[in-house]
Every structure is written in structure tokens, then in C-alpha cells.
Protein chains: 2
Amino acid sequence: MKINQKPRAMMFPAPAVVASAYDEDGKADCCTLAFATMCSHHPPAVMIAINTTLKRKTLKSILHTGEFCIGFPSVEHVAETDYMGIASGYDTDKIRDVGFTFSDGKVVNAPIINEFAASLECRLIHTADVGSHTQLTGEIVNVRAEEDILDEKGKISYQKLDPICYDDVSHTYFSIGSHVGDGFKIGLKFRK
Amino acid sequence: MKINQKPRAMMFPAPAVVASAYDEDGKADCCTLAFATMCSHHPPAVMIAINTTLKRKTLKSILHTGEFCIGFPSVEHVAETDYMGIASGYDTDKIRDVGFTFSDGKVVNAPIINEFAASLECRLIHTADVGSHTQLTGEIVNVRAEEDILDEKGKISYQKLDPICYDDVSHTYFSIGSHVGDGFKIGLKFRK
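The shown structure was predicted, so the numbers you read here are calculated from the model rather than taken from an experiment. (Residues numbered from 1 in each chain as written. Chains lettered and ligands numbered in written order. Predicted model: local features only at pLDDT ≥ 70, side-chain atom pairs only at ≥ 80, totals over all residues.)

Here we look at the nonpolar core
Moving on, step 1. Grouped together as the largest cluster of nonpolar side chains are 126 residues, with contacts concentrated most on V46 and I48 of chain A together with V46 and I48 of chain B.
Moving on, step 2. Setting aside chain neighbours within four positions, we find V46 of chain A in contact with A36, T37, M38, C39, I70, L120, C122, G138 and I140 of chain A together with A9 and M11 of chain B. (Core = buried A, V, L, I, M, F, W, Y, C linked by C-beta atoms within 7 Å. Buried ≥ 20, exposed ≤ 12 C-beta atoms within 10 Å, placed from the backbone. Contact = placed C-beta atoms within 7 Å.)

Here it is as C-alpha cells:
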């Protein structure tokens, strides 16, 4: 039997990704996000939402430079990823605290965290304040990936990347599991 | 060593969820989406992006009624979910084709697919055309969940729901895997 529940933000699954940007003084800053999605194919783009009601330094930095990177952590970096969502860039240097390093983006003026095997370089193309959060849409102008997470076709391998799922209801992280079907294929049996 | 890749939309992980709405004639319609995220805590809200460059019936329906539901499929329904992303509501009745049924939303004028164990009822609060897609932000005004996917605290259990991850690079579906850490906890060890 179905029941009603008190409304709250939910998405199953949500990602755990890390947005990074340079602040007004050129210092690298980052924060972990579960509010992130692809949002356009042409141009390729992602949308992230960051809380405007709290003093989030990374939001301020992205609005300042108009550029940011999105790093995709692997499960091996779940503790570092969690920390980057707990601490504030106003209080500490989160990248240094976890022993990570960064490089300048190849295309945009934003830091890429070296330890993440895949990252997007993004240029801000749209913003909107909706509810408690600011929606930031970034055109993806470059993708950086470690060669050893690529498949035989040169594409990023989901299983080699080993990304982190975040359950915002229980505040826990999960790995991805097993392959359960091929897109645009497993559903064809229902075609009349 | 890191290499540059041709820009394309990416998110790891992305969800596979189903948006549903009534069309202008009151007929239930739905489509599968990987472009979906939480985007606000207050009010609770989700943002979905639907391709405006193709004739997507569900987009038209949502813009018509201003209300929609988001269903969270479990792995057991991966084939049905895939089909709902292949077929068009202009050509066929996708819900009927897969043998599913629907009920009226309890709060909004949109259909809830009965077979999905958890669904959100949403009211459109913001739209934006960015790139090839229309971004639709919906305030979550009700959550419907099957009692048997709730944990002992009455919250939706990630593992009981068994949601589907979609890898848009390889066009394949994955289950969620194992618990790899507790949020706001596993990262505390880096605090100085």
C-alpha cells in the first residue's frame, strides 16, 4: 500500500561530485554536491545547484569567474569527498587538508583536482535563483580523463571510474553495482 | 596521464527516472529521463531537463498542466523504464504497452505510475530554455511511497527501492552497489 510522506528533496540515485573554482584572490576552492545533472546535449552542459541561503564560498567563486570544473570522485576517495562537503573554504584549504593537489584547467580559469580520474571544464551560461539554491548551468568546454579509466573505444568506463552514489535520505554513500541492461535495447520487447 | 576528450554531457552517476503528466486531452503520458536532480531544500524541489529540439510530448504536457510526477523505477522494471525512453507518447500509449497502470496524483493533476514504489508529485515553479533542453523545476508537494520500501524510521530505503543508475556514455543501466561510507562522518578524519 502506498502512503503520503512529508515533501522533501529526493533523487534516486544522486551523484557525489566536486565543483571547483578560483576565488577572487585566485585561491582554489571546492565543494561536494549531490545537486547535479546533465542538462543539455547541444551545447553539452551540466546544471549544479548550490545553497544560496548559506555562505557557500564555491558559489561566490563561480559567480566571480564564470568558470568551474566538476570532478567525479571514485569510491576510493569517498572520505575526501565527504570532507569537501563538510568543511568550508572560508575556514580552511580543503584541497590541502585531504592531501590533494590541483592543476589549472586546460580551457577554463578553474582548478582541476588531479586525484579525480575524470573532470569537466565548464563555462557558466545560465543562472537562476530558485528556492533555497542557485542553479548554475555550465557549458562543458573540455573533458579531462585519466587514460587508465578509458575503455577500448577511448570512452570513460563507468566501472573503471567507480563513481559514488549519494543517498540524501539516509546521508550515505554507495558504489555502483552490476550491469542490469542495455539502453535503447532491453525495452524494445514492448514495441508493438 | 590525463588526456582531453571531446566535450559531451556527462554525469556519474545519473538516474533513470520517469516523468509523467496528463496531456491536453487528459491522457496520461510519460518519458524516461537521465537529466534530473534535486535542486532546492526549501521548498523541496527537483529540476528535470527535456529536449526541446525533438517533439517530446511529455514536455508539452507538463507545460500545459504545470504539474507532473517523477517515478523512481526499481531495477526489476529496467526494461519498462527503457521502453518509456524509446517510444513516443505521440505514437502509442507507453504505460499500457508495458502493462503498467496509473492513479491520479493525490495533490497534483498528474498521473502516478502505480508500479513504481516511490514517486514525487511536483508543481512547476520555474522554467528555462538552456541549450537543446528545457529546464523544468518542480516544487515537491507530495511524496508517495510503498510501505514495504520504508526503513524502520519510516524513510525510503535506498536498498529496498533498488534504483537504477544510467550511464549515458555507454548507454547502459546499473544497479546501486554496496554502502561505502556515511555522509558528514567518514570525512571528519581530515578535520584539523
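Remarks on the relation of the copies chain B and chain A
Moving on, step 1. Least-squares fitting of chain B to chain A yields an RMSD of 0.0 Å, with the transformation described by 0.0 Å of translation along the axis and a rotation of 180 degrees. One copy is carried onto the other by what is essentially a two-fold rotation axis. Considering only C-alpha atoms, the residue of chain B closest to the rotation axis is G177 of chain B, which sits at 1.8 Å.
Moving on, step 2. When the interface residues of chain B are mapped onto chain A, 100% of them again fall at the interface, so both copies present the same face. (Least-squares fit on C-alpha atoms with pLDDT ≥ 70 in both.)

A short note on helix 1 (residues 57-65) of chain B
All names here are of chain B.
Moving on, step 1. Here helix 1 has its buried residues at T58, L59, S61 and I62. Axial view of helix 1: buried residues confined to an arc of 165 degrees, hence all on one face.
Moving on, step 2. Next to the buried residues of helix 1 lie strand 3 (17-22), strand 4 (28-33), strand 6 (45-51), strand 7 (67-72), strand 10 (118-130) and strand 11 (133-146).
Moving on, step 3. One or two positions beyond helix 1, positive phi appears at G66, with a value near 75 degrees. (Helix = DSSP H or I, 4+ residues; strand = E, 2+ residues; numbered from the N terminus. Arc of directions from axis to C-beta.)

Considering the interface of chain B and chain A
Moving on, step 1. Listed by partner, the interface residues are 93 residues for chain B and 93 residues for chain A.
Moving on, step 2. Across the side of chain B that touches chain A, the residue classes break down as 53 nonpolar, 24 polar and 16 charged. (Nonpolar A, V, L, I, M, F, W, Y, C, P; charged D, E, K, R; others polar.)

Quick look at the pairing of strand 5 (residues 36-40) of chain A
Residues and elements named next belong to chain A.
Moving on, step 1. When you tally the buried positions in strand 5, you get 5 out of 5 residues, the bulk of the element.
Moving on, step 2. One ladder, built from 4 bridges, connects strand 5 with strand 6 (residues 45-51); its direction is antiparallel. When the bridges of strand 6 are listed, A36 appears paired with I48.
Moving on, step 3. Between the antiparallel neighbours strand 5 and strand 6 lie 4 residues. (Pairing = 2+ DSSP bridges.)

A word on the confidence of the model for chain A
Moving on, step 1. Residue-level pLDDT values for chain A average 97, and 100% of them are 70 or greater.
Moving on, step 2. Here the complex is predicted with pTM 0.97, and the ipTM for its interfaces comes to 0.97. (pLDDT = per-residue confidence, 0-100.)

Points about the environment of M47 of chain B
Moving on, step 1. Tracing the backbone through its elements, the reader meets M47 of chain B in strand 6.
Moving on, step 2. We classify M47 of chain B as buried; it has 29 C-beta atoms within 10 Å.
Moving on, step 3. Along the sequence, M47 of chain B and G85 of chain B sit 38 residues apart, while their C-alpha atoms lie 18 Å from each other.
Moving on, step 4. With residues near it in sequence (within four places) discarded, M47 of chain B still touches T37, M47 and Q135 of chain A together with T37, C39, Q135, L136 and T137 of chain B.

Topic: the sheet that holds strand 13 (residues 172-182) of chain B
What links the strands of a sheet is backbone hydrogen bonding, and the strands pair in either a parallel or an antiparallel sense.
Moving on, step 1. Pairing within the open sheet is antiparallel, and its 6 strands lie in the order 2(A)-12(A)-13(A)-13(B)-12(B)-2(B). Only two strands of the sheet have a single neighbouring strand rather than two, namely strand 2 (14-15) of chain A together with strand 2 (14-15) of chain B.
Moving on, step 2. Relative to strand 13 of chain B, strand 13 (residues 172-182) of chain A is paired through 7 bridges, and the arrangement is antiparallel. Paired with G181 of chain A across the strands is Y173 of chain B, a residue of strand 13 of chain B.
Moving on, step 3. Its contacts with the sheet put helix 2 (residues 78-86) of chain A on strand 12 (164-167) and strand 13 of chain A together with strand 13 of chain B, and the angle it makes with strand 13 of chain B is roughly 75 degrees.
Moving on, step 4. Packed on one face of the sheet, helix 2 (residues 78-86) of chain B meets strand 13 of chain A together with strand 12 (164-167) and strand 13 of chain B and runs near 75 degrees to strand 13 of chain A. (Axes fitted to C-alpha atoms, helices over the stretch in contact; angles between N-to-C directions.)

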